[in-house]
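What follows is the residue order along each chain.
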Amino acid sequence: MSKKKIIKPLSVGDKTIPPEGAKKIPVYIMGKEYLIPETLTILKAIEYAGYKYTRGCGCRGGICGACAVYYRIKGSYKLKSGLACQTVIEPDMILAQLPFFPVNRPDYKMDVFKEDAHAAFRKIYPEVFKCVGCGTCTRVCPMDIDVMDYIALMKRGELKKAAEKSFDCVMCGLCASRCPAQISQFMAAMLVRRINGRYLTPRAEHLKKRKKEVKSGKYEKFLKALRKLSQDELKKLYIEREREPDLSEPGWMPEDTTRL
Ligand code: SF4
Ligand code: SF4
Ligand code: FES
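Analysis parameters
- Residues numbered from 1 in each chain as written.
- Chains lettered and ligands numbered in written order.
- Predicted model: local features only at pLDDT ≥ 70, side-chain atom pairs only at ≥ 80, totals over all residues.
- Near = placed C-beta within 6 Å.
- Helix = DSSP H or I, 4+ residues; strand = E, 2+ residues; numbered from the N terminus.
- Pairing = 2+ DSSP bridges.
- Axes fitted to C-alpha atoms, helices over the stretch in contact; angles between N-to-C directions.
- Buried ≥ 20, exposed ≤ 12 C-beta atoms within 10 Å, placed from the backbone.
- Domains from an automatic or database assignment.
- Contact = placed C-beta atoms within 7 Å.
- Nonpolar A, V, L, I, M, F, W, Y, C, P; charged D, E, K, R; others polar.

Neighbouring residues of ligand 2: 16 residues in total, closest Cys131, Cys134, Cys137, Met148 and Cys179. Of all the secondary structure elements, the ones that give two or more residues to the shell around ligand 2 are helix 3 (136-140) and helix 4 (147-156). By residue number, the principal contributor to the shell around ligand 2 is helix 4, which donates three residues.

This paragraph deals with the sheet that holds strand 4 (residues 80-83). On the basis of which strands lie adjacent, the open sheet formed by five strands has the order 2-1-5-3-4 and mixed pairing. Either end of the sheet is taken by a strand with one partner, and the two such strands are strand 2 (32-37) and strand 4. Here the average twist between neighbouring strands, direction ignored, is 35 degrees. Bridge count between strand 1 (residues 24-29) and strand 2: six bridges; the pairing is antiparallel. By the bridge assignment, lysine 24 is partnered in strand 2 with proline 37.

Let us now look at unusual backbone geometry. Notably, methionine 171 is not glycine yet its phi reads approximately 60 degrees, a positive angle. When you line up the elements, methionine 171 lands in the loop between helix 5 (159-165) and helix 6 (174-178). Note on methionine 171: 17 C-beta atoms within 10 Å, which makes it partly exposed. Although it is not a glycine, glutamine 182 sits at a positive phi angle of roughly 60 degrees. Within the secondary structure layout, glutamine 182 lies in the loop between helix 6 and helix 7 (185-200). For glutamine 182, a count of 10 C-beta atoms within 10 Å translates into the label exposed.

A few words on the domain arrangement of the protein. Domain annotation for the protein reports domain 1 (24-97) and domain 2 (110-200). Computed from C-alpha coordinates alone, the two centres of domain 1 and domain 2 are separated by 28 Å. At the interface, eight residues of domain 1 touch seven residues of domain 2. Sort the elements by how many residues they give to the side of domain 1 that touches domain 2 and strand 4 lands first, with three residues. Each residue belonging to the side of domain 1 that touches domain 2 can be placed in one class, and the counts come to four nonpolar, four polar and no charged.

Next up, the structure:
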């Protein structure tokens, strides 16, 4: 006699209202089978099955990178990955979320990058120079970043270009989790962006002026006046403030420039 398939009973998470009549499909969470409305993302499916997030969930909008997930479709050898808040469930998905991925986070002071940034970078992240060019990092990146390419730019000392190429990284850790050379790509990329911001990008002249004004106490009287207002008065002021139009021309200025 064939054994009857047992579907675990569902408990409903408080974050999700599935559309009425949505078809339910089997998904495996923590090794157990659940029937979940097919329209949900992995993140919502996990909550729908009754689990509560204490880690591995942040913005819910594909920005914070907290929700990296690995999965296989039952019967397939292919290991897939993505962001749980952006990936919609599929039938027979066997999934495991990464609460975080342990990466190499060396201590460094930014001053060491002042003279020869590339040489100092090499000392901090020597493993970057062991990249074997397999391209796995680029294939798994949910942000479609050419990770292998920014690693190659780092190797060549083109740090500015590497910083720009890695700019959309959400620090999910998926690239590092698959790298055969054990490189923590996204951490190295963050260092390169720091170097770029500190030493390779020209200083903004208007920022220098603004710093001087702040130090001179120019804004103290405005701040004092704001501190005296009640919460309701502050809200009113905020709601009624002059806003920059969505499609403003470059150089747009508010009518009242007394506080600038
Ligand atoms: S570069 Fe790595 S850490 Fe950044 S988004 Fe892509 S896979 Fe995630
Ligand atoms: S996964 Fe690692 S070794 Fe492979 S290309 Fe990316 S950085 Fe290089
Ligand atoms: S929860 Fe922030 S990217 Fe998914």
